[in-house]
Amino acid sequence: MTGQSELQHRYADAVMNTFGPPALALVRGKGARVWDADGKEYVDLLGGIAVNALGHAHPALVDAVTTQLATLGHVSNFFATEPQVALAERLLGLLGWSDGRVFLSNSGAEANEAALKLTRRTGRTRVVAAQGSFHGRTMGALSLTSKAAYREPFEPLPGEVTFVPYDDVAALAAAVDDTVAAVVLEPIQGEAGVVVPSSGYLPAAQDIARDNGALLWLDEVQTGIGRTGTWFAHQLLDGVDPDVVTLAKGLGGGIPVGATVARGTAATLLQPGNHGTTFGGNPVASAAALAVLSTLDADGLLEAATERGEQLADLLAQQAGVVEVTGAGLMRGAELDGPYAAEAVVAAREAGFILNATGPTRLRFVPPLVLTRDDLDAFAAALPAILDTARAAAGSTRETP
Ligand SMILES: *Cc1c(COP(=O)(O)O)cnc(C)c1O
């Protein structure tokens, strides 16, 4: 038995089957590369699902975590620590919110749970969300997530969520009135396959929310922290300034960190006793996030995300079989001319590239922001054969009429 298949068998016998069988057993990583248990090397174009912003085993992150753990690892939220406060200050600075406040947690779902609870403190209970949305798997976050297959086994979910078509201003305007606490949107829908709304949509959503006294809450769990070439995706659009932003994924660079950031009146809605967490804001996780933010800054990785993102978009657009390329920075979607995205993921793996499919015809790319030009050149060279193999494999498994 190889190292890979041994671990995959043990996984099946010990780990709850919520994700299906794992495609690979991975043992180490460096930069935008990972190695499996049989020693095979891969260029990682998934980045732990938009998490490994600094790639794998980045020395700045390793140093920050080990130094903090060797100094003060955990103290509970009865006490303040320097990394926790510094992280909150840094996030407010990046958002430009002098009247903001931050709640630190451990995941995207938790960041959204805190925000959902915050909206309840407005005195209103309705929330408007978008079709195609993904906000997480806990009961509150799931109540905002539109996909029926995720929701239905767990109904009834916390209520009063209205779903409207994404990127449809008229539908949003019709759904929002003065009973709505918040409008929650992803600035670019990630799990839906990197769906970018038209440039007027978020500004209009902001106006609609404000006109009705509702909060505009942007879920930047996937889009935030440099992914799109700006600190936050909403900063790609002039004049968009939400009331609440939720963050996670890239923030800790692989250490679990979530953040709920609110400003103005929204910043003080949660009062002592309203919410809590044992681990959230712990010094190690906070030190990790601070290291991610300072390294993104010091190493010019936002500019790199823009440049590499353009290189990736160009190579995808030039590729036969790719009919549409979406996204910004290093968050990109590629629409294929047929339903062979799953087969492309398999063929890419054989060729030494980790890809992700969000649907039968859709590939998503959310690689580490440290991805190099050479990594992408290698992918460009391999892609035609990957898609040919995938097309053939899909054809061979389908009944021809
Ligand atoms: C991944 C994701 C979440 C959920 O984050 P978890 O850390 O998996 O709980 C929420 N919102 C968006 C937009 C996401 O992409």
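Below: a short report on this structure.

### Description of the layout of surface pockets
Of the voids in this model, the second largest pocket is the one considered here, and its volume is about 620 Å³. Top contributing element to the lining of the second largest pocket by residue count: strand β4 (residues 100-105), with 4 residues. Taken together, the residues that form the lining of the second largest pocket break down as 15 nonpolar, 10 polar and 1 charged.

### Topic: the side chain of Asn356
Note on placement: Asn356 falls in strand β14 (residues 356-359). Residue Asn356 is classed as buried on the basis of its relative accessible area of 15%.

### What about the site of the ligand?
Taken together, Ser107, Gly108, Ala109, Asn112, Phe134, His135, Gly136, Glu186, Asp219, Val221, Gln222 and Lys249 form the complete shell of residues around the ligand. Interatomic distance of 2.6 Å between a side-chain N/O atom of Lys249 and an oxygen atom of the ligand. Taking 390 Å² as the accessible area of the ligand by itself, protein coverage stands at 82%. If you tally residues by element for the shell around the ligand, the top one is helix α5 (residues 108-120), at 3 residues. Here the residues of the shell around the ligand sort into 3 nonpolar, 6 polar and 3 charged.

### Re helix α4 (residues 82-95)
Between the first and last C-alpha of α4 there are 20 Å, a value that for 14 residues agrees with the 20 Å anticipated at 1.5 Å per step. Every buried residue of α4 is listed here: Pro83, Gln84, Ala86, Leu87, Ala88, Leu91, Leu92, Leu94 and Leu95. On its buried face, α4 sits against α3 (59-69), β4, β9 (244-247), β10 (258-263) and α10 (283-298). Looking at the residues trailing α4, positive phi occurs at Gly96, about 70°.

Rules of the game
Sequence order as written defines residue numbering, which begins from 1 separately in each chain. Thresholds applied to this predicted model are a pLDDT of at least 70 for local features of residues and 80 or more for the giving and counting of side-chain atom pairs; totals over whole chains, interfaces and linings are not thresholded and use all residues. The side-chain quantities take in all heavy atoms of the structure and omit both hydrogens and water. Put simply, the grid is 1 Å and covers the protein atoms alone, a cavity is a trapped set of points that fit a 1.4 Å probe, a pocket is an open set with protein on both sides within 12 Å along at least five of seven lines, and lining residues have an atom within 4 Å of a point. Grid points are joined across faces, edges and corners, and a volume is the space filled by probe spheres set on the points. A run of H or I in DSSP becomes a helix once it reaches four residues, and a run of E becomes a strand once it reaches two; helices and strands are each numbered from the N terminus. Each residue receives one of three labels: charged for Asp, Glu, Lys and Arg, nonpolar for Ala, Val, Leu, Ile, Met, Phe, Trp, Tyr, Cys and Pro, and polar for the others, Gly being one of them. In this scheme, a residue with accessible area under 20% of its type's maximum is buried, one over 50% is exposed, and one in between is partly exposed, where area comes from a 1.4 Å probe on protein chains only. If a single non-hydrogen atom of a residue is within 4 Å of a molecule or strand, that residue counts as near it. The term polar contact refers here to a pair of N or O atoms within 3.5 Å; inside protein, the definition further demands a hydrogen-donor-capable atom paired with an acceptor-capable atom, and it admits residues adjacent in sequence only when both atoms are side-chain atoms. Note on areas: these come from Shrake-Rupley sampling with a 1.4 Å probe, and a residue is covered only by the protein chains present in the view. Residue count minus one, scaled by 1.5 Å, sets the expected span of a helix. Residue contacts are defined here by distance: any two heavy atoms, one from each residue, within 4.5 Å place the two residues in contact.

Function cannot be inferred from these measures alone, as they are strictly geometric.
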